[in-house]
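One letter stands for each residue in the lines below.
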Amino acid sequence: MPEVFIDGKRFEYEGEQRLLQFILDNGMEIPFFCYHPSMSAPANCRQCMVKIGQPKKDRETGEFELDENGERKIVWFPKLQTACNTMIADGMVVLTQETDELVERAQKDTLEFILANHPLDCPICDQAGECPLQIQTYKYGPEGSRFEVKKVHKPKRVQLGPRVILDAERCINCTRCVRFTDEISKSHQLTIMQRGDKNYPVTAPGREFDDAYSLNTVDICPVGALTSADFRFKARVWEMNQTPSIDISNGKGCNIDLWTRDNLILRITPRYNEAVNDHWMPDIGREAYKLFNENRVQRPAQKLDDEQINSSWNNAFETLAEKIESTDKKEILFIGSPHASVEENYSLMTLANLLGAKTPVFTTNIIEGYGDGFLLDDDQAPNTNGCRLLGLEEKDAKSLKKEVKSAKLIVLLNDNLIDREVLEAGDLNDKFVAVFATNRTETSKVANILIPVTTAAEHAASYVNVDKRIQRTFPAKETKYTDRRLDIEMSEGRLDRYGTSFDNWVTEDNKVDCIPFWNFVSQLGERLGLKIELRNGREILDEISNKIPAFSGVSYEEMDVQSGISLGGKKETVKS
Amino acid sequence: MSSADWKNYKPVLIPEIKDLHKIDVYEKNGGYEALKQVLTDKKKFDGPKSVIDEVKAANIRGRGGAGFNAGLKWSFMPPADGGPRYLACNGDESEPGTFKDRKIFEYNPHIFIEGALIAAYAMQITSIYVYIRGEYIDYVKMMEKAVQDAYDKGYIGKDILGSGFNVEFHVTYGAGAYICGEETSMLESIEGKRGYPRVKPPFPAQKGLWGRPTTINNIETLSCVPLVIKNGASWFSEIGAKNHPGPILYGISGHVNRPGVYELPSGVPVHDLINEVAGGMRNGKKLKAIIPGGSSTPVLRADQLEGVSMDSDSLREAGSMLGTAGLVVMDEDTDMVDVLWRIAHFYHHESCGQCTPCRDGTGWLEKILLKIKNGDGEVKDLDLLLDITTQMEGRTICALADAAAWPVRHTITRFRDEFEARCKKSVHAMA
Ligand SMILES: Cc1cc2nc3c(=O)[nH]c(=O)nc-3n(C[C@H](O)[C@H](O)[C@H](O)COP(=O)(O)O)c2cc1C
Ligand code: SF4
Ligand code: SF4
Ligand code: FES
């Protein structure tokens, strides 16, 4: 197998590989800015300098030439090379900053140049704390500054587009943002203007940077030059907790991180998953963070004289139980939801089965032509395939209306059927409607009983995306019902991880009064004398995996190891 | 013809023939004969490779500044595969002190066109682009006309002179950026993109214009080609300096009586160029320094010029380079701090801004030099300047950073006293 020597250590490699990526993949480090693993390597920042040589081969025999000590003779490149655009070659010898003084010096020199015109904005810069320039300066940069002349001034607070703001002085001209619009989102909306130290990215005159993926440039900008119009100045990164999750605003199921402080989700960023979304996500998925904080259903409500008024948990619980008991089971319609998780839909199904009611139905939320062939799919729901694989009955709007007509009691799991015009409020006029909802909507308004349930940010649960990949969430914030100390799915707080007291878990603020749907179902089952034990997402999925062949072999452990599991074959053709 | 015999030299690139820029006049004076020979005289030239061999043997060293053997460069083109291949002719001519290609555009455009056509044939090229600096808009128009005339006469186009050889010829121009003279930046610009130099490898011969094999040559380089074809490689290689033969368009500027472009053999002694060709120093002043080949080549003090001639070996020994043979002459009244600041200003203004060391280094150099020029500098700034040049050299995508660093390094080292004298006196007591 071909080999390469890095700082005296031998590595084997296969195929075509960029030296910088190879070094990073093998747990070593080289400072860099412009390189991004998913884009072309322009080698413009000149930060990843290393020393490179190739062994000398005898032209005739093809053998390596050896020196008097029996070591291979190395021919060094006369100049230092950038690791990012160097392809590894067999026998290559590489010296990094760890072993070569000139390399160390060159990296420091480049950082000195970058910092020369960089404003001292760190104390007020959103990027501080997660800034590659800051981090690499600490590690590899010069101490102090020899730059005693005037810095270049450029426009600050430029609204590049509706969601992205540019501070041109902070830009280090790595062209990552420009390459993103050229190579990834293909909107070609950005270019660098001017020359030399006057460089900065702009849109064409009169145009906006309104790319549906524009906020990815904020993520990949290695400095605080591009910031999110929505998030900027809201929180320092070290005040927030980062919890892995799944984008539930679209069927694609982009892998994301939820950033929490004081039980509020403050921003959403993409999380790398090569099989789903690489490093990217659409802007619209980031806006979904508001759904976790705003307009939530807080504590149960019951309708009295056409008006919903708050009720106690006990009262709501007892009313619903009595209603179920007193209704002919053939006249109960359970409606599942592609917007709810596998575990929630399964819980609904279990309840329906044990009661002897009909299998729950669901209606897809697909907007034909909405998808862009990249990370936005026609399917607006995160779990359409989950409902299908569980065996819920898929109904179009017309047949759902028919089902509704012949039912007396309707139990609806988190789906805004009225808002998305599948049903009309009038369809439900003479029915008793129990709605389990996360947010207040037109649909929640018609509920005779309204029960608040947890969102994807508050429970561990799984979702099957349009490509039939099952992926799961973690609770990112506490509710009034959960106790972090008792919930093994809760991610670590900063206090756990870093021993800092900037911890989002320590506050009682902003906890929503809601309950995981399966817990409600369990209690209801007990009250109704049914044998239901649904304790948490992990156990429910184990049960599903044992009972339903489509899910066999699936578990939280396995999903965590593989970043999600494909449940068979190709993407189901989307039909509405 | 030896360099010493330059007085008897008769210009061949821009000979004194009235209206030579007109295609009829050019033809009457033997124009397009070389192209005919190459395409149709099978006894003399047996296919493209024989043309490359002849040009290689002539040792035409690139007149764009780097001095690379043109024929050798042509031989790097991969074998033709039926797809498009390009010749990009560099007429961007923007290095301060360099103003020679314009003479060819103005007085003898067809010698360049003919040379480009021969090069195209030799490398089996399908399209030629000539890229002219935007400020030369008049020459752009003249070139467009000359190319059209050559099309009309059947020297460009399909089945040229019945040989079966086809080639297109496009005239393009820049928009005022020096960096677009750097060859790969020029390719980007021709493609209609922002003029950022490309990272090499891949080299243009592998992936040039639109990702296809491309060769880049300077206008003057290509203009030498018809001469080599007509008169033979040995005729050419015997003109002037042995290692850098052929006619050279010397662009002489600065404090001389007759600045201008002069065609002479390579290797003319510097003193002859100043004192005889350019009519001597203006106002009888004494010579202080020269920049021999465009602003990036290291400055030489008058006392370093004894016996030095304008060829690559001699100038290297003296501590500089031939570059574009754009000779800048400076008299005793010249303020070297001013000169260096002005050069640094140019490179700062022209850095494309891709590479960190160049983008931020060129500006830093200029700003310190301005400070020194204004009398606010300190001696430690001189050492800082030298440090900065070390941090820039050899660490960037293209050679602009080197071109910016060299003059600073060499001017400060060679005129250190003058720079120190401009610095503030130390405020620290000497022990
Ligand atoms: C910053 C920079 C500017 C350049 N400008 C020019 C130019 O204006 N004209 C030119 O012929 N070559 C220029 N060159 C050199 C070209 O890159 C290239 O070497 C040359 O055109 C090759 O032609 P030749 O081999 O015939 O000399 C420049 C190089 C650099 C690094
Ligand atoms: S704005 Fe950011 S990503 Fe874009 S070029 Fe500047 S530093 Fe790079
Ligand atoms: S060296 Fe300077 S001019 Fe050349 S590519 Fe880099 S930044 Fe641009
Ligand atoms: S990361 Fe290699 S040059 Fe920027």
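Residues numbered from 1 in each chain as written. Chains lettered and ligands numbered in written order. Predicted model: local features only at pLDDT ≥ 70, side-chain atom pairs only at ≥ 80, totals over all residues. Heavy atoms only, no water.

Peer 1: Would you mind going over the site of ligand 1 in detail, with residue names and values included?
Peer 2: Residues and elements named next belong to chain B. Around ligand 1, the structure places 18 residues, and the nearest of them are G64, K73, N90, N218 and T221. In this structure, an oxygen atom belonging to ligand 1 sits 2.7 Å away from a main-chain N or O atom of G64. For ligand 1, whose accessible area on its own is 610 Å², the fraction buried by protein is 89%. When residues in the shell around ligand 1 are grouped by element, the largest group, three residues, is from strand β4 (residues 214–218). Looking at the shell around ligand 1 residue by residue, the class counts come to four nonpolar, eight polar and six charged. (Near = heavy atom within 4 Å. Polar contact = N/O pair within 3.5 Å; in protein donor to acceptor, adjacent residues only side chain to side chain. Areas by Shrake-Rupley, 256 points an atom, 1.4 Å probe, with all protein chains shown as cover. Helix = DSSP H or I, 4+ residues; strand = E, 2+ residues; numbered from the N terminus. Nonpolar A, V, L, I, M, F, W, Y, C, P; charged D, E, K, R; others polar.)

Peer 1: With reference to specific residues and values, describe the interface of chain B and chain A.
Peer 2: Opposite the 33 residues of chain B that make contact, chain A presents 34 residues. Across the chain B to chain A interface the summed buried area is about 2,800 Å²; carbon plus sulfur atoms make up 49%. Contact with chain A buries area across many residues of chain B, yet W364(B), Q391(B) and R395(B) alone supply 25% of it, more than any other trio. Scanning the region where chain B abuts chain A turns up four salt bridges. The residue D109(A) makes a salt bridge to R395(B) at a minimum N-O spacing of 2.8 Å. For the pair chain B and chain A, the number of links is 22 residue pairs in polar contact (both at pLDDT 80 or more). Mapped onto the side of chain B that touches chain A, the elements with two or more residues apiece are α14 (336–350), α15 (356–373) and α16 (379–392) of chain B. Among the elements that make up the side of chain B that touches chain A, the one with the highest residue count is α15(B) (ten residues). Partitioning the side of chain B that touches chain A into residue classes produces twelve nonpolar, twelve polar and nine charged. (Contact = heavy atoms within 4.5 Å. Buried area = accessible area lost by both parts, 1.4 Å probe. Salt bridge = Lys/Arg side-chain N within 4 Å of Asp/Glu carboxyl O.)

Peer 1: Pulling in residues and values, what's your account of empty space enclosed by the protein?
Peer 2: Per the counting criterion, the structure on display carries eight cavities of 30 Å³ or more. Estimates place the volume of the largest cavity at around 140 Å³. N117(A), K154(A), C171(A), R359(B) and D360(B) are, among the 15 residues lining the largest cavity, the residues nearest its centre. For the lining of the largest cavity, the class distribution of residues is five nonpolar, four polar and six charged. (1 Å grid on protein atoms, 1.4 Å probe; cavity = no way out; pocket = protein on both sides within 12 Å on 5 of 7 lines; lining within 4 Å. Points joined across faces, edges and corners; volume = space filled by probe spheres on them.)

Peer 1: Just give me the short version of the site of ligand 3, but keep the residues and values in it.
Peer 2: Surveying the vicinity of ligand 3 reveals 13 residues, the closest of which are C352(B), C355(B), C358(B), T396(B) and C398(B). For the shell around ligand 3, the per-class residue count stands at nine nonpolar, four polar and no charged.

Peer 1: Talk me through a nonpolar patch on the surface; I want residue IDs and the actual numbers.
Peer 2: Residue and element names in this part refer to chain B. A cluster of nonpolar side chains, namely F68, L72 and F76, defines an oily patch on the protein surface of about 260 Å² accessible area. With respect to the element layout, L72 can be found in helix α4 (residues 70–74). Taking relative accessible area as the criterion, L72 reaches 31% and is therefore assigned partly exposed. (Patch = residues over 30% accessible without salt bridge, like charges linked within 9 Å, V, L, I, M, F, W, Y side chains within 5 Å. Buried < 20%, exposed > 50% of the residue type's maximum accessible area, 1.4 Å probe, protein only.)

Peer 1: Would you mind going over the sheet that holds strand β6 (residues 260–265) of chain B in detail, with residue names and values included?
Peer 2: All names here are of chain B. What the five strands build is an open sheet, ordered β6-β5-β9-β7-β8; its pairing is mixed. With one partner strand each, in any of the chains shown, β6 and β8 (300–301) form the two edges of the open sheet. The sheet contact formed by strand β5 (residues 247–254) and strand β9 (residues 326–331) spans four bridges and is parallel. Paired with G251 across the two strands is G326, which belongs to β9. (Pairing = 2+ DSSP bridges.)

Peer 1: Before we move on, could you go through the domain arrangement of chain A and cite the residues and values that matter?
Peer 2: Residues and elements named next belong to chain A. When cut into domains, chain A gives domain 1 (3–114), domain 2 (116–228) and domain 3 (301–459 + 463–472 + 512–566). With 19 residues of domain 1 in contact, the opposing surface of domain 2 contributes 23 residues. Of the roughly 1,900 Å² buried between domain 1 and domain 2 on both sides combined, carbon and sulfur atoms contribute 54%. Of all residues in domain 1, the largest losses of buried area upon contact with domain 2 belong to F33, M39 and E112, amounting jointly to 34% of the total for that side. Run the count over domain 1 and domain 2 and you get two salt bridges. In this structure, E112 and R146 form a salt bridge, with 2.8 Å as the shortest nitrogen-oxygen distance. Viewed at the interface, domain 2 and domain 1 are joined by 14 residue pairs in polar contact (both at pLDDT 80 or more). Partitioned by chemical class, the residues of the side of domain 1 that touches domain 2 number ten nonpolar, six polar and three charged. (Domains from an automatic or database assignment.)

Peer 1: Kindly report on the packing of aromatic side chains, identifying the contributing residues and their values.
Peer 2: Evaluation of the coordinates by the stated rule reveals 25 aromatic pairs over all chains. Judged by centre distance (5.3 Å) and plane angle (85°), the ring pair of Y26(B) and Y32(B) falls under edge-to-face. Residue class for Y26(B) comes out buried when judged on its relative accessible area of 5%. In textbook terms, an aromatic cluster arises when at least three aromatic residues are bridged by ring pairs, as seen for F317(A), F436(A), F517(A) and F520(A). (Phe/Tyr/Trp six-rings, centres within 6.5 Å; stacked < 30°, edge-to-face > 60°.)

Peer 1: How would you sum up the state of the cysteines? Please name residues and give values.
Peer 2: Residues and elements named next belong to chain B. Overall, the coordinates contain zero disulfides over all chains when judged by the stated rule. Of all cysteine sulfurs in the structure, the one in C224 sits closest to C89, which takes part in no disulfide; the separation is 13 Å. Classification of C89 as buried rests on a relative accessible area of 0%. (Disulfide = S-S within 2.5 Å.)

Peer 1: Account for the pattern of salt bridges, with residues named and values stated.
Peer 2: Residues and elements named next belong to chain B. Within this structure, the stated rule accounts for 73 salt bridges over all chains. D24 is paired through a salt bridge with K153; the nearest N and O atoms lie 2.9 Å apart. Here K153 lies in the loop between α7 (137–152) and β3 (168–173) and D24 lies in helix α1 (residues 23–28), a separation of 129 residues in the sequence. Residue K153 is classed as partly exposed on the basis of its relative accessible area, which comes to 38%.

Peer 1: Tell me what's going on with the pairing of strand β13 (residues 255–261) of chain A, and back it up with residues and numbers.
Peer 2: Residues and elements named next belong to chain A. Here β13 lies mainly inside the structure; six of its seven residues are buried. Relative to β13, strand β12 (residues 241–246) runs antiparallel, the two being bridged by six bridges. Its bridge partner lying in β13, T243 is registered against L258. Bridge count between β13 and strand β14 (residues 264–270): six bridges; the pairing is antiparallel. From the neighbouring strand, W259 faces β14, where its bridge partner is R267. Between β13 and β14, which follow one another and run antiparallel, lie two residues, and D262 among them has a positive phi close to 50°.

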